[in-house]
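Examining the three-dimensional arrangement
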Amino acid sequence: VCFIPGGLDCSISFVSHVLGKVCVHGWQKEILGVLVPRLTDLTKSDCIWQRICWQLVECVPDRWMEAVVLGFVQRAPGADVLSRLLGNLVVKNKKAQFVVAQKMLLLQYGHTTAVLQNLLGYLSLDSVRRTLLLRVLQELLETWSSSSAVKHSPAEQQLYISKAILICLSYLKEAEIASCRQELLTSMMEGVKCHLESSLPQLRRLGMVVAESISLNINTEGPVLKFEYEEDDETRELKSLLVQTPSFYVVPSLLDDDRSEKAGAALPLVPESNEKSYTAAPVMPDEELDAELDSDDDLIPYDMSEDKELKIKAPVYIRDCIEVLTGSRSEDVDKWEATVKALESLVRRNPAATREVSVELAKILLHLEEKTCIEGFGELRQRAQVAVLTTDPIPVAKYLTSQFYSLNYSLRQRMDILDVLVLAAQELSCPKFHGNTKHSGVQKPCIQLLPGSDSSKGWRRIVDERIKSKTRRFDTGQSRVELASRPNEFNSVAGYFFFPLIQHFDRPLTTFDLLGEDHLVLGRLVHTLAVLMYLAVNTVAVTAMGKALLEFVWALRFHTDSYVRQGLLSCISSLLLSVPTERILADMTEELLETQSWLGDVMEKDPDGDCRRLALQNLLLMENLKNKLEAVPS
């Protein structure tokens, strides 16, 4: 530390210029890694050094201010330290205010949670800066409740903004919350609506957590919002942000002693014996005493250890099952449960009898509702539907695909149809499933996991395995045991599964609009078509399916929902992997050139990281096709 003798004044603007120049040229980490800890110690108890530090950052030119402020925020060990180092810089300097209140919160999302806590805690530690904290919260809520922002910004940025909102709420006082209660309520209602409309489970869960937190803060005495969702590490971290952690340096031992003294002064001195007697023998009113005497606790229970559960015999004929499932008598509930559990195996054991009533049985199962609380009812019904569809594919597939675009069906029933078509197509196309009655062991494709998990993990696993199988490796390992070959039963029926689904997607119905508000079902449809295209490899109709799918993708390529775009890119992957190379180059050359240009734009500009990764994967597949074409001798 240098001292200036004689009480002379000095300017540190030159040092500020040097600091800004060094930081903006990429040496921010090195210089501030030394400067910030030193200034932290000097300003802890010396107000003069605090003023020197404030002058140091205030004299930095605006063109270099961002690099300096960002470095201080990232390297300060706490909000109180940052307040000592920067002072009211964000109030005095417009550039610093823009960086702190807008750029780091709304335009960037790569900072850690600790940096966010430093930044917002710094705004909350001074009465002059608290007005800026309220303004920041309002801007964050405007972005969080904007349907356009939810659709077009990546999930990582949505998580970042949600964290910032919760940290702001943790710093607000009751009077400040009361002053903006109506604005908070309005933003909460708009934001939770657009988040719950999202097709991505992560965004829906973010909306629920933030809405619950806002409701908890603005309704301290009344009822609060409560959603049902599965908690994970991300959810627990978000909820923990509502609890403030002390940001000031304290001596732990002194803090503990102080707390113990306050606790001892607050608690009344009650003798231990008196406390025990109070808890052991509470005084009971006369009414409760009479109720205690009249209770049935003294009755001796019957011995039911040797009782056996009566087993209801399940029907042995398909038509008997139809009668039980369509009956309405309440005394047949046990028989109804036994029928639901035995229907799949009965259908697979009696294919001839099933074909006689296959469409009728498919209709019953599609509309079947749970009468009792039977464990795994949805899975049992789905497995029975798949068994009927694989037993008699053509008429049942015609019925199910026609019902997908019919009136008076719920969105859940339409998505059930897609699930059944995918599972049945997988079973028909894979020889190892042939004749296997234990359908529960069949691995489900990603279409089954969409409502509650990452929408495209399963599909990407399928595509990655296919790419791996096409990669040449020169290795001498153990020889593989060849599986018994069987005909691909999906070959002759692939068109009945695929083409009816792709025909009427652009025709809105009274209660069903795929291109409108029902984009979740559209996303499921797109992923279903991608899986069906993948399973149609080496079939007769694969080329026609590929051309129709490419036209379908081209019509929806600019859809605003990221889940739909992921499905469209998966469709391109399945097309490139399933359609023979010579047919692609002969029949779809122009379309593929346009698709390649679109994929390049997606890889560079799409806000969703999964979409960018899938686009890159498709471009690599196209490059492989190009190399294969060049390798063929003319």
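Below you will find a few notes about this structure. The structure presented is a predicted model; accordingly, all values stated were derived computationally and were not measured.

**Examining the overall build of the chain**
- Each helix and strand counted, the chain has 32 helices and zero strands in total.
- Looking at the chain residue by residue over its 634 residues, the buried ones come to 46%.
- In the chain, 74% of the contacts between residues at least 6 apart in sequence involve partners at least 24 apart.

**Some remarks on empty space enclosed by the protein**
- In the structure shown here, the tally under the stated rule is five cavities of 30 Å³ or more.
- In terms of lining, the second largest cavity is formed by Val 150, Lys 151, His 152, Ser 153, Pro 154, Ala 155, Leu 200, Leu 203, Ser 562, Arg 565, Pro 607 and Asp 608.
- Counting residues per element, the ones that place at least two in the lining of the second largest cavity are helix H9 (147-152) and helix H29 (562-578).
- The leading source of residues in the lining of the second largest cavity is H9, at three residues.
- Across the lining of the second largest cavity, the residue classes break down as six nonpolar, three polar and three charged.
- Of the residues that make up the lining of the second largest cavity, three or more belong to each of domain 2 (126-244) and domain 3 (488-633).

**Let's talk about the packing of helix H19 (residues 333-349) against helix H22 (residues 377-391)**
- Between H19 and H22, the least distance of the axes is 8 Å, while the angle of their chain directions is 30°. Viewed along their axes, H19 and H22 adopt a mutual orientation that is roughly parallel. With respect to the hand of their crossing, H19 and H22 are arranged in left-handed fashion. In contact with Trp 336, Val 340, Lys 341, Leu 343, Glu 344, Val 347 and Arg 348 of H19, H22 contributes Phe 377, Leu 380, Arg 383, Ala 384, Val 386, Ala 387, Val 388, Thr 390 and Thr 391.

**Topic: the pattern of salt bridges**
- Counted by the stated rule, this structure contains 20 salt bridges.
- Where Arg 348 meets Glu 344, a salt bridge forms, and the shortest distance between an N and an O atom there is 3.3 Å. Taken together, the residues span about one helical turn, with Arg 348 and Glu 344 both in helix H19 at a distance of four residues.
- By relative accessible area, which is 18% here, Arg 348 ends up buried.
- Between Glu 427 and Arg 348 there is a salt bridge, and its shortest N-O distance comes to 2.8 Å. In this pair, Glu 427 is assigned in helix H24 (residues 411-429) and Arg 348 in helix H19, connecting sequence segments 79 residues apart. With respect to burial, Glu 427 and Arg 348 carry one shared label: buried.
- Taken together, the shared-partner salt bridges connect Glu 344, Arg 348, Glu 379, Arg 383 and Glu 427 into one network.

**A closer look at a nonpolar patch on the surface**
- A grouping of Phe 14, Val 15 and Val 18 is seen on the molecular surface, where their side chains present a nonpolar patch of about 290 Å² in accessible area.
- Looking at the secondary structure, you find Val 18 in helix H1 (residues 13-42).

Here is what the cut-offs are and how they apply
Residues numbered from 1 in each chain as written. Predicted model: local features only at pLDDT ≥ 70, side-chain atom pairs only at ≥ 80, totals over all residues. Heavy atoms only, no water. Helix = DSSP H or I, 4+ residues; strand = E, 2+ residues; numbered from the N terminus. Buried < 20%, exposed > 50% of the residue type's maximum accessible area, 1.4 Å probe, protein only. Contact = heavy atoms within 4.5 Å. 1 Å grid on protein atoms, 1.4 Å probe; cavity = no way out; pocket = protein on both sides within 12 Å on 5 of 7 lines; lining within 4 Å. Points joined across faces, edges and corners; volume = space filled by probe spheres on them. Nonpolar A, V, L, I, M, F, W, Y, C, P; charged D, E, K, R; others polar. Domains from an automatic or database assignment. Axes fitted to C-alpha atoms, helices over the stretch in contact; angles between N-to-C directions. Parallel < 35°, antiparallel > 145°, perpendicular 65-115°, else oblique. Left-handed = near helix turned anticlockwise from the far one by under 90°. Salt bridge = Lys/Arg side-chain N within 4 Å of Asp/Glu carboxyl O. Patch = residues over 30% accessible without salt bridge, like charges linked within 9 Å, V, L, I, M, F, W, Y side chains within 5 Å. Areas by Shrake-Rupley, 256 points an atom, 1.4 Å probe, with all protein chains shown as cover.

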